[in-house]
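# Working through the structure, step by step
So you can see what is in the structure, the chains are spelled out below.
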Amino acid sequence: MSRICELTGKGRQVGHNVSHANNKTKRTFLPNLQNVTLLSDALGKGFKMRVSTHGLRTVEHNGGLDNWLLKAGDDQLSASARKLKKEVTKKLAEKAA
């Protein structure tokens, strides 16, 4: 399983360890991923996702999973998150009609 956030697309970054003698060796910076269950108000159930802590904060800041998915672009979402976004928009369209 790759270390990529399912909501924000945040992945690993590459950099250097720098010693006191200024020697540089390659290293990777991994995102802080957590397995969480996010609740969808429109669908009325929870979904298990692997999300970065930064992604969790943005979801909470935007008022929940449904609001965040509607604002998010499809290019940064994982396949399961895109499918969930499609279900949420369909359900909200049914409620509006």
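These remarks concern the structure in this document. Note that the coordinates shown come from a computational prediction; the quantities given were computed from them, not determined experimentally.

## Focus on the overall build of the protein
Looking only at helices and strands, the protein has three helices and four strands in total. When the elements of the protein are put in sequence order from the N terminus, they spell out β-β-β-β-α-α-α. For 97 residues, the compact-globule estimate of 2.2 N^0.38 gives 13 Å, and the C-alpha radius of gyration of the protein, at 17 Å, exceeds that figure by more than 25%. By its C-alpha atoms, the protein is 65 × 20 × 20 Å across when sized along the principal axes. By the burial criterion, 30% of the 97 residues in the protein qualify as buried. Contacts in the protein between residues at least 24 apart in sequence constitute 41% of all its contacts with a sequence separation of at least 6. When the accessible surface of the protein is totalled, it reaches about 6,700 Å², and 50% of it is carbon and sulfur. Of the side chains in the protein, 18 bear a positive and 8 a negative charge, and the two mean positions are spaced by 10 Å.

## Brief notes about the nonpolar core
The biggest cluster of nonpolar side chains holds 18 residues, and the ones touching the most others in it are Leu7 and Leu69. Of all elements in the fold, only strand 3 (33-40), strand 4 (45-52), helix 2 (65-71) and helix 3 (79-96) reach the threshold of two or more residues within this core. Once residues within four sequence positions are removed from consideration, Leu7 is found in contact with Leu38, Met49, Val51, Val59, Leu65, Trp68, Leu69, Gln76, Leu77 and Ala81.

## A word on the pattern of salt bridges
Under the counting rule described, the total for this entry stands at one salt bridge. Asp74 serves as the salt-bridge partner of Lys85, at 3.2 Å between the closest nitrogen and oxygen. Placement of the pair is Lys85 in helix 3 and Asp74 in the loop between helix 2 and helix 3, with a sequence separation of eleven residues. Residue Asp74 is classed as partly exposed on the basis of its relative accessible area, which comes to 42%.

## Comments concerning the environment of Asp41
Along the chain, Asp41 falls in the loop between strand 3 and strand 4. With residues near it in sequence (within four places) discarded, Asp41 still touches Asp66 and Lys95.

## Some details on the environment of Lys71
Relative to the helices and strands, Lys71 is located in helix 2. Take Lys71: its relative accessible area is 63%, and that puts it in the exposed class. As a C-alpha pair, Lys71 and Lys85 span 14 residues in sequence and 9.9 Å in three-dimensional space.

## Some thoughts on the pairing of strand 4
Note that strand 3 and strand 4 share eight bridges and pair antiparallel. In the sheet register, Leu33 faces strand 4, and the bridge partner there is Ser52. The turn joining strand 3 and strand 4, which pair antiparallel and follow one another in sequence, is formed by four residues; a positive phi near 75 degrees is taken by Gly44.

## A look at the side chain of Ser40
For Ser40, the location among the structural elements is in strand 3. Ser40 has contacts with Lys45, Phe47, Leu65, Asp66 and Val88, leaving out every residue within four places of it along the chain.

What counts, and at which threshold
Residues numbered from 1 in each chain as written. Predicted model: local features only at pLDDT ≥ 70, side-chain atom pairs only at ≥ 80, totals over all residues. Heavy atoms only, no water. Helix = DSSP H or I, 4+ residues; strand = E, 2+ residues; numbered from the N terminus. Rg over C-alpha atoms; globule rule 2.2 N^0.38 Å. Buried < 20%, exposed > 50% of the residue type's maximum accessible area, 1.4 Å probe, protein only. Contact = heavy atoms within 4.5 Å. Areas by Shrake-Rupley, 256 points an atom, 1.4 Å probe, with all protein chains shown as cover. Lys, Arg positive; Asp, Glu negative; His and termini not counted. Charge placed at Lys NZ, Arg CZ, Asp CG, Glu CD. Core = buried A, V, L, I, M, F, W, Y, C linked by side-chain atoms within 4.5 Å. Salt bridge = Lys/Arg side-chain N within 4 Å of Asp/Glu carboxyl O. Pairing = 2+ DSSP bridges.

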